[in-house]
Each structure stands twice: as C-alpha cells, then as structure tokens.
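Given next are the chains, with one letter for each unit.
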Amino acid sequence: MAKRPKPIISPPFLFAPSPLLRILLLLPLFVIISITVTTPVSANHGFFSLKYKFAGQKRSLAALKAHDSRRQLRILAGVDLPLGGTGRPEAVGLYYAKIGIGTPAKDYYVQVDTGSDIMWVNCIQCNECPKKSSLGMELTLYDRKESLTGKLVTCDQDFCYAINGGLPSYCVANLSCSYNEIYADGSSSFGYFVRDIVQYDQVSGDLQTTSANGSVIFGCSATQSGDLSSEEALDGILGFGKSNTSMISQLASSGKVRKMFAHCLDGLNGGGIFAIGHIVQPKVNTTPLVPNQTHYNVNMRAVEVGGYFLNLPTDVFGVGDNKGAIIDSGTTLAYLPEVVYNQLLTKIFSWQSDLKVHTIHDQFTCFQYSESLDDGFPPVTFHFENSLYLKVHPHEYLFSYVMVYGALVGKTVGCNPGIEGISPSWEDLALSNKLVLYDLENQVIGWTEYNCSSSIKVVDEQSGTVHLVGSHYISSSACINS
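This one's a predicted model, so the numbers in the text were calculated from it and none came from an experiment.

Thresholds applied
For every chain, the first residue of its written sequence is number 1, and the numbers climb from 1 along that sequence. Selection of residues for local features in this predicted model requires a pLDDT of at least 70, selection of side-chain atom pairs for listing and counting requires 80 or more, and totals for whole chains, interfaces and linings are taken over all residues. Working from all heavy atoms in the structure, the side-chain values ignore hydrogens and water. Each helix corresponds to a stretch of at least 4 residues labelled H or I by DSSP, and each strand to a stretch of at least 2 residues labelled E; elements are numbered beginning at the N terminus. The cut-offs for exposure are 20% and 50% of the maximum accessible area for each residue type, with area from a 1.4 Å probe on protein chains only; residues under the lower value are buried, those over the upper are exposed, and the others partly exposed. When charges are counted, Lys and Arg contribute as positive and Asp and Glu as negative, whereas His and the chain ends are disregarded. What makes a salt bridge here is a side-chain nitrogen of Lys or Arg within 4 Å of a carboxyl oxygen of Asp or Glu, nothing more. Polar contacts, as used here, are pairs of N or O atoms within 3.5 Å; protein pairs need one atom able to donate a hydrogen and one able to accept it. Residues neighboring in sequence count only if both atoms are side-chain atoms. Whether two residues are in contact is decided by their heavy atoms: any pair within 4.5 Å suffices. What makes two strands pair is DSSP finding at least two bridges between them. Lines fitted to C-alpha atoms define the axes, with helix axes restricted to the stretch in contact, and inter-axis angles between N-to-C directions lie between 0 and 180 degrees. Joining through side-chain atoms within 4.5 Å is the link that ties buried Ala, Val, Leu, Ile, Met, Phe, Trp, Tyr and Cys residues into a set, and such a set is a nonpolar core.

Colleague: Outline the side chain of aspartate 439, listing residues and values.
Modeller: Here aspartate 439 is to be found in strand β29 (residues 434-439). Buried charge aspartate 439 goes without a salt bridge, the closest partner of opposite sign being arginine 258 at 6.1 Å. Side chain to side chain, aspartate 439 and asparagine 442 meet in a polar contact 2.7 Å long. Contacts of aspartate 439, omitting those with residues within four sequence positions, involve Lys259, Met260 and Val444.

Structure (structure tokens):
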C-alpha cells in the first residue's frame, strides 16, 4: 500500500422525508497512475478470480469513506484473476481474488490492489492476524516450513536492496529482510519477505485455462493491527502497482507475462474480468501516465456538465508533487478538490432548481425525486490528455433509497466537508462497467465502456492466437466449499 494522503473530499447527498428518496452521491472519479519503464517481454497471460468484499451488504457512506481513507494506498491487476464482488454504492468497494501459494499449494484470499506494490499474506507466527472472516471464506496462515519451495529472503539480497534503497542498517549475515506497511488509518502489517511458488490460471484457449506458476517474493505478516484484523478481513493484499517489487513486475521480469493488464468490474452482477496480457479487443483509447509519480496518475484537462465546461483554475489538477488524477481500483468513492466539487454540484442542481433539499444529521443532503434521473439531470464528462474522456451518467452519480414511515430503508449515506487542494482520485464506482487497460510497457492507461459480464480478447504472444477471457465471480459458498 502506498503512503499517500487520504482523500476526504466526498460528495454531499440529498435526502428528504418522503416515501421515495434519491440520495446524490457525486463520484469524483479518479484512480492512481504511476510511471515505470520496463522492457517488453514475450509472455503468456493469466487471470485470477475476484470477489467484491461487501457484495450484497448495506454500508453507510461514512463506512465507504472510512474504507477509502484506510485503503487509499492499495490497488490491483491480474493474469486471469477470476473476480468476485460488486461495485454497488451501498457496499464498500473492495475486490479480492483466490490464489495458490506453496508446494503443495494452499488457497489464499487477497485483496487485489493497483495502488500498492508488495504482496503479503498473514503468517503462522502472527497472533493478531485474523483466522476467520465474515466474508464467507476460511482464512489460512502461511507457514514457510510446510512448503517444499518456501525460502527466506535475507537482508543482503537484491530484492531487499531495492525495497530499502540500499543495504538495510540492521542487516547482518542470514538475517531476514523485513517490511513495515503503515496505512493512513493507523493499521499496519509488519513482517519479513519470503520466496515461494504462486499459482495462477494461464489462458490456454477460448474461455479455457491451465494452471501456471511463478516464483514470487512476498511479505509474511507476523504482526498486524487496526482494520486489517477486522471481522471482514482477508488473508492479505496482492499489490499490482508499477514498482519492480510488485507481483506483475516480478512475473514479467522472468518472462512469465507481459507488463500489461486490464480489469472490468461488473457493477451490476458483481465480479468481472481481470487479465494480464496484450488485450486486443475491445479497442481502448489511452492517455499517458504522468512521469515520476508513485501511482497511476493521469492529466485531467476539464470537467463538463451537460455540455457546459466548468471555469476552473489552471493548476487545480496538478500542484506540487501531487500531479494528475489518481486511478485507484481499490477505492470505492471518487474524490475531487473542493473548488471543483462545489462548481460541479451547483451546475448539476441548476437543472432542477425547484428541488427542496434537506440536510439530516449534518451529513445527509437529500431530495425527493420520482422521475427519470437520466432525463432530469445532466451527464458529467471528465476530459483527459489525448482526448480521452470519462462520462458519468446521472444514474451513476445519484442513488435511490426508499423511505418507509419516516425511516430510511437500506444503508445510510453520509459525507464529510471537503478540503481544497487534494489530488482527484477515481475509484471502483466511477470505473465500474468499463474496461480499464494498464500498459506499463508503453506508459499509458485507458478505458472504454464495456459489458463486464461478457468477455475480452487477449493475444498469445508465442503463437499469435487470440483467445477469449471471460468474466468471473467468486461466491461465498465457493469460498467455503473450495
């Protein structure tokens, strides 16, 4: 997980004491993008099954934002990583996958995270690490001694040099290489690095895969604190950031995969597509990554509301070290600087100037509306470098809730006051139902609207054959019965 300031800009909501409520949740939409120059390799492609962490569960906006604040440092991508989960706004957006680790292999459920680099799982020495999860799967503590291929990574090895920027000051002969990940909410994972075999599904034909594996260095969590140990915990985190220490970079350096991947998060049915390799269909327009940034950052040029371009300061999207908008697949909500958000909100409501807006509990801004959202409110379009744009329809930034006898049925949505000056960030909700392509070899990212319950086409670099890669969804029952 990358250490970046947690965004606290959230869209106000609309709520009214009536039978039908529509709560406005504006999704400042961005995700994290960073630059890494790599050498193209001839590679295969694979995938993992993913699941949305809180699929079907009702969550408050405060919980959504708290989750985003905690995980503003994580993200993912895959080989053919079967997905589970959902991008529904009434649930905290978090997707996870099942991978095999060790010899013989054991299953681990890890959050897929394009916002962080290292992969880590909870280990047998960890007393604080969760052993149960309310998400429907059994958790497994990794034990290197039970794997025939597990090896300790010592502090004098190249990987440890790369992680620490040189020889660690604590290093003595045969001492393990340690890590300490501290997140924005104060939660942390401390442990040491090991090397072992990671199993994944390699595409072998149309909608067909075979088992493949690669040797990967990952963290073994020995001490854990905070939200990572909550009842909704997972076995660990699978970082797919741009650093050379990420899983995709390690697999690419050994010729296992291309340093390209794509995800398509199904906001309607849950799960979706997550594939590593050269995606040839659908075609995707791209925008360059901002150089010298830790994450996946892109340059946003303008914001359009129903054909009207907001009059924004020229430097609003790039100040100091925080240049560009961040693309983060692990964040649920989207965030914008307050100066952008306030103008956006004003322009949207100008389309319905007679609405009676009510604020409840100092955080819910709601109104009664029973007509078609897409007919009554404007689309919002975000424009990026290279003429790439992201269009968000009213039904995607407005959410409906039903009032029964004065009580809000379903989850409650709330927001906190915004703060000016943060970098915009795009998340699961804004990028749901879109194929998002990360091309680290050419340092570009792009997206297009797509049916994420269908399939995409990936080319086999060795044979030139094009194969279909379909969508996946890991159900809770599959987790328990696997």
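Colleague: Residue-level account of the sheet that holds strand β17 (residues 300-305), with values.
Modeller: Strand pairs in the sheet, formed through backbone hydrogen bonds, run parallel or antiparallel to each other. If you walk across this open sheet you meet the four strands as β18-β17-β24-β25, and the pairing is antiparallel. Each edge of the open sheet is held by one strand with a lone partner, namely β18 (308-309) and β25 (389-392). As paired elements, β17 and strand β24 (residues 380-384) share five bridges and run antiparallel to each other. Bridging across to β24, valine 305 finds its partner in valine 380. Docked against the sheet, helix α4 (residues 338-349) engages β17, β18 and β24, running at close to 20 degrees with respect to β17.

Colleague: Kindly report on the environment of histidine 263, identifying the contributing residues and their values.
Modeller: With respect to the helices, strands and loops of the structure, histidine 263 is situated in strand β12 (residues 260-265). Taking the C-alpha atoms as reference, histidine 263 lies 6.8 Å from leucine 437; in sequence the two are 174 residues apart. Reaching out from histidine 263, the side chain makes a polar contact with the side chain of tyrosine 438 at a distance of 2.8 Å.

Colleague: I'd love a proper account of the sheet that holds strand β32 (residues 466-470), names of residues and values included.
Modeller: Reading across the sheet, the three strands line up as β14-β31-β32 and stay open at both edges, with antiparallel pairing between neighbours. Only two strands of the sheet have a single neighbouring strand rather than two, namely β14 (278-281) and β32. With strand direction ignored, the average angle separating the axes of adjacent strands in the sheet is 45 degrees. Judged from the five bridges that link them, strand β31 (residues 455-459) and β32 form a sheet pairing that is antiparallel.

Colleague: Residue-level account of the nonpolar core, with values.
Modeller: Ranked by size, the top nonpolar core spans 69 residues in total, and within it Ile101, Met119, Tyr142, Val303, Phe377 and Phe384 carry the most contacts. With six residues, α4 is the largest single contributor of residues to this core. Those residues in contact with valine 303 that lie beyond four places of it in its chain are Tyr308, Phe309, Leu310, Leu312, Phe317, Val340, Leu344, Val380, Thr381 and Phe382. With 13 residues, the next largest nonpolar core counts Ala262, Cys264, Ala275 and Val284 among its residues.

Colleague: Describe the pairing of strand β11 (residues 236-239), and please don't skip the residues or the numbers.
Modeller: Every other side chain in a regular strand lies on the same face of the sheet, so the side chains alternate between the two faces. Residues Gly236 and Leu238 point to one face of β11 and Ile237 and Gly239 to the other, with burial holding for every one of them. Note that strand β5 (residues 106-113) and β11 share four bridges and pair parallel. Bridge pairing in β11 links valine 110 to glycine 236. Direction of pairing for strand β6 (residues 120-122) relative to β11: antiparallel, over a ladder of two bridges. By the bridge assignment, tryptophan 120 is partnered in β11 with isoleucine 237.

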